[in-house]
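Survey of secondary and tertiary structure
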Amino acid sequence: MIMISPKAIISDSDGTLVNTLRLIRYGQYETFKTYFTAKGVNLEDIPDCETYEELLNRTVGGSARDTLERTARLVFEDRPQYLEDADFDKLHDLLNPIQDNIAPEFVKAYEGLPSLLNRLGDLDIKLAIFTSGTPHHIVRNIGVSLPELGLIDLYKSADMSDTEKLRLFEKTVKEHFEIPEFTVVTCKDVATHKPDPASLVMAMERLGVVSRNSLIIGDHAVDMKAGIKAGVPVRLGVTHGFDDDKVLLNAGATDVIHSLDELTARLG
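Residues numbered from 1 in each chain as written. Predicted model: local features only at pLDDT ≥ 70, side-chain atom pairs only at ≥ 80, totals over all residues. Heavy atoms only, no water.

**Remarks on helix 10 (residues 221–229)**
How we decide: Remark: exposure states derive from per-residue accessible area (1.4 Å probe, protein chains only) relative to the maximum for the residue type, with buried under 20%, exposed over 50%, and partly exposed in between. Per the convention used, a helix needs a DSSP run of H or I reaching at least four residues, while a strand needs a run of E reaching at least two, with both numbered from the N terminus.
For helix 10, every residue scored as buried is listed here: Ala221, Val222, Asp223, Met224, Ala226 and Gly227. One or two positions beyond helix 10, positive phi appears at Gly231, with a value near 75°.

**Here we look at unusual backbone geometry**
A cis geometry characterises the amide bond from Lys194 onward to Pro195, with omega recorded as 15°. Here Pro195 lies in the loop between strand 5 (182–185) and helix 9 (198–207). A positive phi angle, near 65°, is found at Asp85, a position not held by glycine. Looking at the secondary structure, you find Asp85 in the loop between helix 3 (64–75) and helix 4 (88–93). Looking at Asp85, the relative accessible area reads 75%, which means it is exposed. A positive phi angle is found at Glu178, which is not glycine, with a value near 55°. Looking at the secondary structure, you find Glu178 in the loop between helix 8 (162–177) and strand 5.

**Details of the sheet that holds strand 7 (residues 234–238)**
Note the cut-off: Pairing between strands requires that DSSP locate at least two bridges from one strand to the other. Geometry is summarised by axes, namely lines fitted to C-alpha atoms with helices restricted to the contacting stretch, and by angles between N-to-C directions that run from 0 to 180 degrees. Contact between two residues is taken to exist if any of their heavy atoms lie within 4.5 Å; hydrogens are not considered.
What the six strands build is an open sheet, ordered 5-4-1-6-7-8; its pairing is parallel. In this open sheet, the two strands that pair with only one neighbour each are strand 5 and strand 8 (255–257). If you compare each strand with its neighbour and ignore which way they point, the axes differ by 20° on average. Note: strand 1 (residues 8–11) against strand 6 (residues 214–218), four bridges, orientation parallel. Opposite Ser11, over in strand 6, you have Ile217 as the bridge partner. Together, strand 1, strand 4 (126–130), strand 5 and strand 6 form the strand contacts of helix 9, whose direction differs from that of strand 5 by roughly 155°. Helix 10 rests against strand 4, strand 6 and strand 7 of the sheet, and its axis sits at about 160° to strand 6.

**Observations concerning the side chain of Asp243**
Under the convention used in this document: When charges are counted, neither His nor the chain ends are considered; positive counts come from Lys and Arg and negative counts from Asp and Glu. Every case where a carboxyl oxygen of Asp or Glu lies within 4 Å of a side-chain nitrogen of Lys or Arg is listed as a salt bridge. Any pair of nitrogen or oxygen atoms within 3.5 Å is treated as a polar contact; in protein, a donor-acceptor pairing is required on top of that, and neighbouring residues in sequence qualify only through side-chain atoms on both sides.
With respect to the helices and strands, Asp243 occurs in the loop between strand 7 and helix 11 (245–251). Buried charge Asp243 goes without a salt bridge, the closest partner of opposite sign being Lys225 at 8.2 Å. At 2.8 Å, the side chain of Asp243 and the backbone nitrogen of Ala221 are in polar contact. Beyond its immediate chain neighbours, meaning those up to four positions away, Asp243 contacts Asp219, His220, Ala221, Val238 and Leu248.

**Looking at the layout of surface pockets**
Counted only if it meets this: Detection works on a 1 Å grid of protein atoms alone, calling trapped sets that fit a 1.4 Å probe cavities and calling open sets with protein on both sides within 12 Å along at least five of seven lines pockets, with lining residues defined by an atom within 4 Å of a point. Grid points are joined across faces, edges and corners, and a volume is the space filled by probe spheres set on the points. For this classification, Asp, Glu, Lys and Arg are treated as charged, while Ala, Val, Leu, Ile, Met, Phe, Trp, Tyr, Cys and Pro are nonpolar and the rest, including Gly, are polar.
Estimates place the volume of the largest pocket at around 230 Å³. Together, 15 residues line the largest pocket, and His92, Asn96, Thr134, His137 and Lys188 are the ones closest to its centre. Secondary-structure elements contributing two or more residues to the lining of the largest pocket are helix 3, helix 4, helix 5 (95–106) and helix 7 (135–145). Its residues placed into classes, the lining of the largest pocket shows three nonpolar, eight polar and four charged.

Okay, structure coming up:
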């Protein structure tokens, strides 16, 4: 086993640190179904969840709004009349309420996440999350996944803005796990999505590190491609999320792991 000693780890979130696959798939399906049945599409013309998920796996990546649109266009590519006057912004507006409702049941931390975060604190390794999600998604998904933070219901609060919630989340994670620096770069911070490296570059700038001293981890090909473009030499693909060993290696992963515990064991 090759030991690694980065000054900073920059990680994807969904599919990497927290298991949101069921939340994403089922939530997007329910959103799609709710919008298009209200628009007058007959139920028999709505695919079942399994069929929808197969199409979603072909379109996932980038913003949730764009993924919803790309998937809808695939579903109805042979029935374009159903897409006439479709408002994909309104479709996307339905997503958060649906996912918020099911998140406590559908979102879980991947095994080994608390141990990894504690290890980063022990070794004074900085941490950043770079995600195509929003501040709301991060606060909800990781807050639900790590109840020890005491933030399970923070995403529901009407007394704070999403930005204020994210700042509180960052502060709590940093203090609880004694991580020297922790920041989250979301889709609200950059104009482009992965595989563009903008969010990764911003994460390193915030942490005050350079690419040669950094490590990235992600479950999707776009994470690896962003790492290459940002010049990060160690790019770990993790296989418990969206993509498998072959896809991750072909996308530029320098190594592949199968759990967060494997990363924890290599840190030293």
